[in-house]
Structure formats: structure tokens, C-alpha cells
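The primary structure of each chain is shown beneath.
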Amino acid sequence: MIIKNGYIVDPANDREGIFDIQIKGHKIEKVAKDINTKDRDTVDANGKIVLPGLIDMHVHLREPGREDMETVRSGTLAAVAGGVTSVCSMPNTYPAMDNQKMVKEMKNIVKNDAYANVFTVGAITINRGGRVLVDMEKMKASGVVSLSDDGSSIQDSVVMARALKKAKEKSLLIISHSENIELSKGGVINEGIIATKLGLKGIPKRSEYEFIERDIKLAKKAKTRIHIAHVSTKESVEVIRKAKKDGVSVTAETAPHYFSLTDSCCETYDTRTKMNPPLRSEEDVEAVKKGLLDGTIDAIASDHAPHGKHEKETTFDKAAFGIIGLETSLALAIMGLAKGEKVPWLEIARLMSTNPAKILGLRKGALTEGYDADVTIVDPEKEWEYTKESVISKSKNSPFLDWRFKGKPTDVIIGGRLVFQNERFT
């Protein structure tokens, strides 16, 4: 297969411009100008942006255990439609992904049902309870790419310190959901004027940034690396920026909703705007954007969190936290990071592909000879509307329904196979 005449954006190789990509088997064989197309299938990418396949390192596929919300099949179909070629499945399944048996079960489901690459994130503690560490040696042997208790935060500093030390021994990355439950407990919205106006209990920013500071200090003491999930506050960005300047091995991600929406969206009591961490202020949104563009925040991840209709169609207090995001992440990155009509494609590729691959240690995220042939092709001029009817995920809990976007994935290649062509699954 040859991808012909596309505008390649490849941060890993510091390469931008019109090139062809030749694929043989599952790998990229050659990247050059004017490759001979004789006797080869051709994908015409003229006028389109060609990116290394997008990697979403924070996705809740819900299977096994909550197949009513999402499945590996439906979730990876949604991923491909959003231009995502690889996802990391978070461990808050039922039961939790805290042992080899569960990881094996997940791998079997993926083998049979997945349309995209799926990498499993194991739990840090048994049942994500924050007390007893999993057997990290066995988890490593089972093939998990990292460990996290995402959805729950390890409250005990001693347990977190032990987890970081043990993870270093086993060369495993800890992804931290940093949240002080003592401060956030019972909260449903960002603490501030909007929460007061609506009569809803607020979640203070301190609950996030103070625990990020704690986790970074523990990682520094253990002389190991740590990754911070779903950064949402100005103070969190500043803590991470300072830690990087101090030489701490810390990386971080944020989700598109944290640079696209503010807590003012909650004024309608629309439960699709309820998430954890909550939507923050305009000041926080601008700080997150700045953090993405100056390298403080390393990755954009959707935190795709499907929920059933009954879990969202209730009062704001009782509704579940979380929104879906696989199909809109790229579009929101294009919209949110663009300056006028100028889209920072190099930064988008870095944040959504190259950096996630580096953080996770995957041989992906680059259009390099010998690398996995995962490629996302985007029509930058394509205008489209995200409607309830068009949603591919099993769940519909998105605050971005009926939004109009510009820029859409049209073709997706995974492992050398064209799985999405002209906006249709093949």
C-alpha cells in the first residue's frame, strides 16, 4: 500500500511536507517523495494531513462488567471514527483489572472484538481500594503497559510511596488520579460562583493540585517517573511546570473538555457537563491551553467515560461523573489550539501521538521506517456536525452534541490494514 501526496506531519522525525508513505505488511517501509505506485494499492491523500496514528492513553471501555455502557467493539469503532488507532483501557472494570486472570480475559476480548490496538492499564491496588498493592511482577508479565487506580485516588501517602518504589523496580509507569477525597467528597461541580449560584456542593481546586504536588514529591523521592492524569487547574499546571524545571521525571495529560468548556456550562444543570475533575474557570482553561503549547502538559487524552441513559438523566447531584470523547478529541484539539485559521498540526501530532507513544514505551507515534503502520489521515477542510444519531459509542453522554467542527479523519490505517476509508469502515 502507498499513501500518496499527503501533507505529512511527523514530530518524531522533525518532518513536515508532501511525501508518500510505502507500507509493507504491518510496517512502514519507506517515506519519500514520488514513490512508484506500480502494482500497489494507493490511498490518495492529496490535500489532506497525514499523522502518525493517534494514541488515546486514557479510555474507559467498560468491558468486562458494564457492557451496557460500552464494549471493546463499540469503543474501538468510536476510536477509529475519531482517528484513534490505539487506546489504553483503564482498570475500573467489574471486577477491577487487578490480576493476571483479568488481564488475560481482556486480551481475549480484544483479540476477538477490537477494531483498534488496545493496551491494558492494570490497577495499582487490589480492587482499586487504595490499600493492598497488586502483584506488580505478575501484572508486568501479563503485559500491562502501566498501572493506575483511575477513578479512585490513593489517599494513603505511604501506600502511594510503596507503589512508586515497587513500580520502579518492575519498570512500570504509575498513572496518578490525584484527588484529595477529604476535600472533594460530596462535591459535584467546581467550587466557585457558579456552584453557589446553582446551590450545588463544590469541588475545590486544592483537592487536585495539592495531591499532584504530593505525588510528584513522592516520585522525586523514589527517583522514579510518574504520569498525572486529567489536569484541570491553573495551579496544577504550575506545579507540574515547576517540577519539570526541577528535573523531576513527570509527564501529564489533560482532556479536551478542560480546554474547551468552563463551569458556566453547568448553569443549565445539564448532567452531560458533570465530570471529575469538574469543568473549571476561564482562567484554568487558558492555563491548560498554555500548558499544552509550552510542553508542560505532554498529552491530550479523551478520558472517554460512557454512561447509561439512566445514569445521566437524573438530577445533577445524583448523575454519574464523566463524558464520552473518542469521536471528538481531535476535532476539539483542532478547534481549541488553533490560532485563527492556523492549526498547529505539529503540536497536535506530538500531543496526541508522539508523546503518548514515548510515555508508554510503544513503537508507535512516528512515521518511521520499521515502525508499526498506524496512520491517521485528516481532511482539514471537512465541516461536520456531531449529532446524537451519528454517535458510534454505545453511550451518548457528550456535551458536544450538535456542535459543528472543521477537520475530520477520513482514512485510518492500523497495522498496515485500511480499516476506515472515505469515512466508512472497511
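Residues numbered from 1 in each chain as written. Predicted model: local features only at pLDDT ≥ 70, side-chain atom pairs only at ≥ 80, totals over all residues. Heavy atoms only, no water.

S.K.: In this structure, what is going on with the overall build of the protein chain? I would like to understand it.
M.R.: Looking only at helices and strands, one finds 12 helices and 19 strands in the protein chain. In terms of C-alpha radius of gyration, the protein chain reaches 21 Å, essentially the compact-globule figure of 22 Å for 426 residues. Each principal axis of the C-alpha distribution contributes one length, and for the protein chain these read about 65 × 50 × 45 Å. Split into buried and exposed, the 426 residues of the protein chain put 61% on the buried side. Pairs at least 24 apart in sequence give 74% of the contacts found in the protein chain among residues at least 6 apart. Split by element, the accessible area of the protein chain, about 17400 Å² in all, is 47% carbon and sulfur. Positive and negative side-chain charges in the protein chain, numbering 64 and 61 respectively, have mean positions lying 5 Å apart. (Helix = DSSP H or I, 4+ residues; strand = E, 2+ residues; numbered from the N terminus. Rg over C-alpha atoms; globule rule 2.2 N^0.38 Å. Buried < 20%, exposed > 50% of the residue type's maximum accessible area, 1.4 Å probe, protein only. Contact = heavy atoms within 4.5 Å. Areas by Shrake-Rupley, 256 points an atom, 1.4 Å probe, with all protein chains shown as cover. Lys, Arg positive; Asp, Glu negative; His and termini not counted. Charge placed at Lys NZ, Arg CZ, Asp CG, Glu CD.)

S.K.: Hey, could you run me through the sheet that holds strand β8 (residues 117-122) in this one?
M.R.: One open sheet accounts for eight strands, arranged β6-β7-β8-β9-β10-β13-β14-β15; its pairing is parallel. Of all the strands in the sheet, the pair left with one neighbour each is β6 (54-59) and β15 (299-300). For β8 and strand β9 (residues 146-148), the ladder comprises two bridges, and the chain directions are parallel. Looking at β9, one finds that G122 is bridged to L147. (Pairing = 2+ DSSP bridges.)

S.K.: Just to check I follow, could you spell out the nonpolar core for this structure?
M.R.: The nonpolar side chains of a soluble globular protein tend to be buried, and buried together. Counting 65 residues, the largest nonpolar core has M136, I216, W345 and I348 as its most contacted members. With near-sequence residues (within four places) excluded, M136 lies in contact with I124, L147, A163, K166, A167, K170 and L172. Listed in part, the 23 residues of the second largest apolar core include A195, V391, F400 and L401. (Core = buried A, V, L, I, M, F, W, Y, C linked by side-chain atoms within 4.5 Å.)

S.K.: Can you walk me through empty space enclosed by the protein in this structure?
M.R.: Vacant regions in the atomic arrangement are exposed by a probe of water-molecule size rolled over the atoms. In this structure the tally under the stated criterion is four cavities of 30 Å³ or more. By volume, the largest cavity amounts to about 60 Å³. Lining the largest cavity we find H177, S178, E179, I203, S207, E208, H230, N276, P277, P278 and R280. Tallied by class, the residues present in the lining of the largest cavity amount to three nonpolar, five polar and three charged. (1 Å grid on protein atoms, 1.4 Å probe; cavity = no way out; pocket = protein on both sides within 12 Å on 5 of 7 lines; lining within 4 Å. Points joined across faces, edges and corners; volume = space filled by probe spheres on them. Nonpolar A, V, L, I, M, F, W, Y, C, P; charged D, E, K, R; others polar.)

S.K.: Is there a simple way to explain unusual backbone geometry in this structure?
M.R.: One can expect most non-glycine residues to show negative phi and most peptide bonds to be in trans. With an omega of 0°, the peptide bond running from Y94 to P95 counts as cis. With respect to the helices and strands, the residue P95 is situated in the loop between β7 (84-89) and α2 (100-113). A cis geometry characterises the amide bond from N276 onward to P277, with omega recorded as 0°. Checked against the element boundaries, P277 lands in the loop between β14 (250-254) and α9 (282-293). Backbone geometry places D34, a non-glycine residue, at a positive phi of 55°. Looking at the secondary structure, you find D34 in the loop between β3 (27-32) and β4 (42-44).

S.K.: Would you mind showing me how to read the packing of aromatic side chains here?
M.R.: Aromatic ring pairs are defined here through the distance separating the ring centres and the angle between the ring planes. With the rule as written, the count across this model stands at six aromatic pairs. Geometrically, the ring pair formed by F400 and W403 is edge-to-face, given 4.8 Å between the ring centres and 85° between the ring planes. According to the relative accessible area criterion, F400 is buried, its value standing at 1%. Among the residues examined, W403 registers a relative accessible area of 26% and is labelled partly exposed. (Phe/Tyr/Trp six-rings, centres within 6.5 Å; stacked < 30°, edge-to-face > 60°.)

S.K.: Would you mind showing me how to read the side chain of T328 here?
M.R.: Mapped onto the fold, T328 is located in the loop between α10 (309-312) and α11 (329-337). You can call T328 buried: its relative accessible area is 1%. Apart from residues no more than four positions distant in its own chain, T328 is found in contact with Y386, F400 and F405.

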